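Listed below are the residues making up each chain.
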Amino acid sequence: MGSLQRQTSPDSDNDPRYAAVTDERKRKRMISNRESARRSRMRKQKQLGDLINEVTVLKNDNAKITEQVDAATRKYVEMESRNDVLRAQASELTERLRSLNSVLEMVEEISGQALDIPEMNPWQVSCPMQPIRASADMFDC
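Only a predicted model underlies this, so the values are computations on that prediction, with no experimental measurement involved.

Quick look at the overall build of the protein now. When you go through the protein residue by residue, the secondary structure sums to 1 helix and 0 strands. For the protein, buried positions account for 7% of its 141 residues. Long-range pairs, those at least 24 residues apart, make up 58% of the contacts in the protein with a sequence separation of at least 6. Accessible surface for the protein amounts to roughly 12600 Å². Of this, 56% is attributable to carbon and sulfur atoms.

Okay, the pattern of salt bridges next. Taken as a whole, this structure holds 9 salt bridges when the rule is applied. Between R38 and E35 there is a salt bridge, with the nearest N and O atoms lying 2.2 Å from each other. Pair noted here: R38 and E35 are both in helix α1 (residues 16–111), with a separation of 3 residues, about one helical turn. When its relative accessible area of 35% is taken as the criterion, R38 is described as partly exposed. Through salt bridges that share partners, E35, R38 and R39 make up one connected network.

Nonpolar side chains collect at one region of the surface, where V103, L104, V107 and L115 lie side by side and expose about 280 Å² of accessible area between them. Mapped onto the elements, V103 comes out in helix α1.

About the thresholds
- Residues numbered from 1 in each chain as written.
- Predicted model: local features only at pLDDT ≥ 70, side-chain atom pairs only at ≥ 80, totals over all residues.
- Heavy atoms only, no water.
- Helix = DSSP H or I, 4+ residues; strand = E, 2+ residues; numbered from the N terminus.
- Buried < 20%, exposed > 50% of the residue type's maximum accessible area, 1.4 Å probe, protein only.
- Contact = heavy atoms within 4.5 Å.
- Areas by Shrake-Rupley, 256 points an atom, 1.4 Å probe, with all protein chains shown as cover.
- Salt bridge = Lys/Arg side-chain N within 4 Å of Asp/Glu carboxyl O.
- Patch = residues over 30% accessible without salt bridge, like charges linked within 9 Å, V, L, I, M, F, W, Y side chains within 5 Å.

Structure representation (structure tokens):
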């Protein structure tokens, strides 16, 4: 094709060789364009398939993470509930100990004998308003 040069004479349009070469070039270009378009469609289809697969994987990962967060939240709520019960029990035991110390003081006054009444409350938490820290192992599902 490179060796064929376009003729500039006015009757080149009527030359059947020129028309055949031109038609052949058009036909080859059309086939090449169709093939290029087909490859482009295939690439886009593959990209779309890859993106759909990635969406599926990410949705599955998201579902797993959501379940893990829900499980950790349930475990946290359970631990908070247990802590509330333990705090209530500690408070009740502290009050009982105070009552017993009060009774011991009355017995000491009435009997006149010196009893060893502890000044310090062993049930007293050093910082009752501070949250109790838990290890990460407690939240393993």
